[in-house]
Amino acid sequence: MNEIVKVLKVQYYDSYKMLKSVVEICPDELWKAQNNGLPVWNNIVHALVGSDFWLRLDYKADFKSSFDFPENIGEKLYRDEWCGESDGFMTKEQVMECFKIFDVKKDKFFDSLDDETLCRKILDDMDFTYLSVICAQIRHIMCHIGICQDAITAFGGEDIPWVAFGEN
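Just so you know, these numbers come straight off a predicted model, no measurement behind them.

1. So, helix H4 (residues 92–111)
- Spanning 20 residues, H4 covers 28 Å between terminal C-alpha atoms, matching the ideal 28 Å at 1.5 Å per step.
- Looking only at H4, the buried set comprises Lys92, Val95, Cys98, Phe99, Phe102, Asp103, Lys105, Lys106, Phe109 and Phe110.
- On its buried side, H4 packs onto helix H1 (3–25), helix H2 (40–54) and helix H6 (130–155).

Okay, structure coming up:
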């Protein structure tokens, strides 16, 4: 692994770890609450779905989800729609299973990268490189952590622990 990949891996893993900690600190009473149409559980899963889709090496192959979502909400999640309370929700245990599944995929993805690959386009007809895709996913995760932090603190909950530079 090269130097740029090492730095990106640390930054992505730190963001990912913060996202995972939202599951642990979110009060149960808030987990599926609407939060202006953005339930905490749905924010977390939305961020995971984004990484599941974008962090792959073969963009020419049809995308296959890593997750086995409950049937009543799976299609909505992959169409990038938010689930209302009447649609159903995922429990903390179900979301943590998604993290366990994605832990394997993200490790495999980052372990297969080198600095040269980062500069390649993901598809010939797109301007996205592997580097830009990874950076976008870090920003995407942090955006949803911020939304969750706002909901949790407004509810009276604790702060999401800050993780940086791989120190935690």
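2. Brief notes about the packing of aromatic side chains
- Under the definition given, this model contains 16 aromatic pairs.
- Between phenylalanine 63 and tyrosine 78, the aromatic rings sit 5.9 Å apart at their centres with planes inclined by 50°, giving tilted as the arrangement. Here tyrosine 78 lies in helix H3 (residues 71–78) and phenylalanine 63 lies in the loop between H2 and H3, a separation of 15 residues in the sequence.
- Seen from their ring centres, phenylalanine 109 and phenylalanine 110 are 5.3 Å apart, and the 85° between their planes marks the pair as edge-to-face. Grouping residues by exposure puts phenylalanine 109 and phenylalanine 110 together as buried.
- Taking NZ or CZ as reference, arginine 56 lies 4.5 Å from the ring centre of phenylalanine 53, over its face.
- Here lysine 106 stacks its cationic end above the ring of tyrosine 13, 3.9 Å away from the centre of that ring.

About the thresholds
Residues numbered from 1 in each chain as written. Predicted model: local features only at pLDDT ≥ 70, side-chain atom pairs only at ≥ 80, totals over all residues. Heavy atoms only, no water. Helix = DSSP H or I, 4+ residues; strand = E, 2+ residues; numbered from the N terminus. Expected span 1.5 Å × (residues − 1). Buried < 20%, exposed > 50% of the residue type's maximum accessible area, 1.4 Å probe, protein only. Contact = heavy atoms within 4.5 Å. Phe/Tyr/Trp six-rings, centres within 6.5 Å; stacked < 30°, edge-to-face > 60°. Lys NZ or Arg CZ within 6 Å of the ring centre and 35° of its normal.

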